[in-house]
Amino acid sequence: MKFLRDLNININEEISISGISSSSKLIKENECFIALQGISSHGVDYIDEAISNGAACILHNKKNYSPNHQIPCFFIEDLFEKQKEILLRFYDISEDKLKFLIFTGTNGKTSTAYFSYQILLAAHKDAILVGTLGIESLKNFQETKTTTPNLFELFKFISKERYENDLYICIEASSHGLEQNRLIGIEAETRALLNIEQDHLDFHKNIKNYIASKLKILNFSSQNRIILNGDCETTSVLMEEELKEYDKCLVSSTNKKADYFYSIEECNKSGSRFTLTVGKNCMDFKVSFFQIHNICNLVFAIATLNQIEKNIFLEKNFIESVSLPKGRAKMISKDSKNILIDYAHNLGGMKAIVSSVANIFNGLVIVYGCGGRRDNSERDKMMKFACSNSRIVIFTSDNSRDESFQSILDDSKKDQEYSNLIVEADREQAIKKGIAILRENEILLILGKGHEEFQEINGTMKPFNDQRVVEKML
């Protein structure tokens, strides 16, 4: 329990508050509702809902708003910028002990953050993972609606953690989260920009805006160098322009002069062996997965952690014990059937997962779909790539939302005819067909949904998980 005057916002009121939230739906009895600007509306539009849920007081930053409520309502001009300080004071959190590791990129954020989290735990460090899969620690878990939660969700979770030394927080920073400054005020221990390819143009409108949102990772102050992908074409261009003046740390599989140079020596169904050169130190590692892009993600995790404390996270057993996160390159092999389930939902992700299996299996079948009411500019490119690089493609539904399956299919085909294309709107039936037509030493790729537990069609959330469907069929 705190008083409003304890929040250091120049309001000397002895109003007791038991909680604090920027979501009117989550407000409980005697809590403080923080009304801020959202994407399409301002929080003041939801004050009545907050009051009905038990709010004790309101803080807002909307100029010229005239409150007419039965509870105290205060205008704080720089309220958005003060979120972090308010939460630190409310929860009595020592900022000095919080070490934020921030990852962004079109693909690979989830795996890289998860690898970092696992290595930290293996090294007996207190750590939290924040991203697409929710917020988790060894003792707590919380689902989130967005890849990058806002500070209210994040600090509420942190307040429940028990840690004597530093608490490391591995965060996936999405382009939406960066654009909306959801993590405003945070100082980063390390920052990593994994790659930049086209994505989310339904939100960002054009690639220039999308890149600008990704580069907002530079707004987090840090004493360490920004970690970049020396093999990414877009990043290479940015290093000659927008990133020219920044102190950089490079990860690469092609440039032997990179700060972290890795070479994949062997890949097969049982895993991979790669060497990593850091300065004069060359190390050899074996891991249980074979996807080339995930080796890159792991090296990014290693580079990120090595900036924190040199060499202590380079222990062989720490690195070789990592596993892939839920719904990422999940392999299921049974009765000579090889099936891989992955979250890849854009062209870059599809290319990465297809290239990773090309030299390991004799052929492949792809089951995939495209999300409705999202960036449609890559649909035809994904279809062309899939049909050009697999024996059979089964196009099916993803999260169609309120867009018709036929519209998504038409965008994907774009008046082209593909002799190896099968259309099956029912995702379960599509998976069944994919399993049935698999040949010996082929692999079935089921792409787009990964860990997701629901399929959103026409406003209805239908329980659906690719892995459970496959396991039931096998």
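In this text, all values refer to a predicted model and were calculated from it rather than measured experimentally.

Peer 1: Would you mind going over unusual backbone geometry with me for this structure?
Peer 2: Trans peptide bonds make up the majority, and among non-glycine residues the majority have a negative phi. At Lys205, a position not held by glycine, the phi torsion is positive, near 75°. Given the relative accessible area of 64%, Lys205 is considered exposed. Within the chain, Asn311 stands out as a residue other than glycine whose phi angle is a positive 75°.

Peer 1: What am I meant to see in the packing of aromatic side chains here?
Peer 2: For the structure shown, the criterion picks out six aromatic pairs. Ring geometry for Phe90 and Tyr91: centres 4.9 Å apart, planes at 85°, overall edge-to-face. Residues Phe90 and Tyr91 agree in their burial class; the two are buried. Ring geometry for Tyr368 versus Phe395: centroids 5.2 Å apart, planes at 85°, classification edge-to-face. In this pair, Tyr368 is assigned in strand β20 (residues 363-368) and Phe395 in strand β21 (residues 392-395), connecting sequence segments 27 residues apart. Among the residues examined, Phe395 registers a relative accessible area of 0% and is labelled buried. Pairwise contacts between aromatic rings join Tyr368, Phe395 and Phe405 into one cluster.

Peer 1: Would you explain the sheet that holds strand β5 (residues 57-60) in this entry?
Peer 2: Backbone hydrogen bonds hold the strands of a sheet together, and the pairing may be parallel or antiparallel. As summarised here, the arrangement of the four strands in space is β3-β4-β5-β6, forming an open sheet in which the pairing is parallel. Looking at which strands have only one partner, the edges of the open sheet turn out to be β3 (19-21) and β6 (73-75). Sheet twist, expressed as the average angle between the axes of neighbouring strands with direction ignored, equals 20°. Inspection of the sheet shows β5 paired to β6 by three bridges, in the parallel sense.

Peer 1: How should I be thinking about the side chain of Thr106 in this particular structure?
Peer 2: Mapped onto the fold, Thr106 is located in the loop between β7 (98-104) and α3 (109-122). Residue classification places Thr106 among the buried positions, given a relative accessible area of 5%. In this structure the side chain of Thr106 is engaged in a polar contact, spanning 2.8 Å, whose partner is the backbone nitrogen of Glu197. Of the polar contacts made by the side chain of Thr106, one reaches the side chain of Tyr210; its length is 2.8 Å. What Thr106 contacts, discounting residues up to four positions off in sequence, is Asn195, Ile196, Glu197, Gln198, Asp199, Tyr210, Lys214 and Asn346.

Peer 1: It is not clear to me how helix α12 (residues 379-388) should be interpreted in this structure. Could you clarify?
Peer 2: Spacing of three or four residues puts side chains on the same side of an α-helix, whose turn is 3.6 residues. A large share of α12 lies buried, amounting to seven of its ten residues. For α12, every residue scored as buried is listed here: Arg379, Asp380, Met382, Met383, Phe385, Ala386 and Cys387. Contacts made by the buried residues of α12 are with α11 (347-357), β20, β21, α13 (405-413) and β22 (421-423).

Peer 1: How should I be thinking about the sheet that holds strand β11 (residues 167-172) in this particular structure?
Peer 2: In spatial order, the strands read β10-β9-β8-β11-β7-β12-β13-β14-β15-β16-β17; together these eleven strands make up an open sheet with mixed pairing. At either end of the open sheet lies a strand with only one pairing partner, and these are β10 (141-142) and β17 (281-287). Of the pairings in the sheet, the one linking β7 to β11 comprises six bridges and is parallel in character. Paired with Leu101 across the strands is Cys170, a residue of β11.

Peer 1: Which parts of the structure should I look at to understand the pattern of salt bridges?
Peer 2: Between side chains of opposite charge, a pair can form when the charged atoms approach closely. Scanning the entire structure with this criterion turns up 27 salt bridges. Between Lys413 and Glu417 there is a salt bridge, with the nearest N and O atoms lying 3.9 Å from each other. Judged by its relative accessible area of 67%, Glu417 falls in the exposed class. Among the salt bridges present, the one from Lys433 reaches Glu424, with a minimum N-O distance of 2.9 Å. Exposure remark for Lys433: the relative accessible area of 34% places this residue in the partly exposed category. Through salt bridges that share partners, Arg5, Asp6 and Glu14 make up one connected network.

The rules behind the values
- Residues numbered from 1 in each chain as written.
- Predicted model: local features only at pLDDT ≥ 70, side-chain atom pairs only at ≥ 80, totals over all residues.
- Heavy atoms only, no water.
- Buried < 20%, exposed > 50% of the residue type's maximum accessible area, 1.4 Å probe, protein only.
- Phe/Tyr/Trp six-rings, centres within 6.5 Å; stacked < 30°, edge-to-face > 60°.
- Helix = DSSP H or I, 4+ residues; strand = E, 2+ residues; numbered from the N terminus.
- Pairing = 2+ DSSP bridges.
- Axes fitted to C-alpha atoms, helices over the stretch in contact; angles between N-to-C directions.
- Polar contact = N/O pair within 3.5 Å; in protein donor to acceptor, adjacent residues only side chain to side chain.
- Contact = heavy atoms within 4.5 Å.
- Salt bridge = Lys/Arg side-chain N within 4 Å of Asp/Glu carboxyl O.

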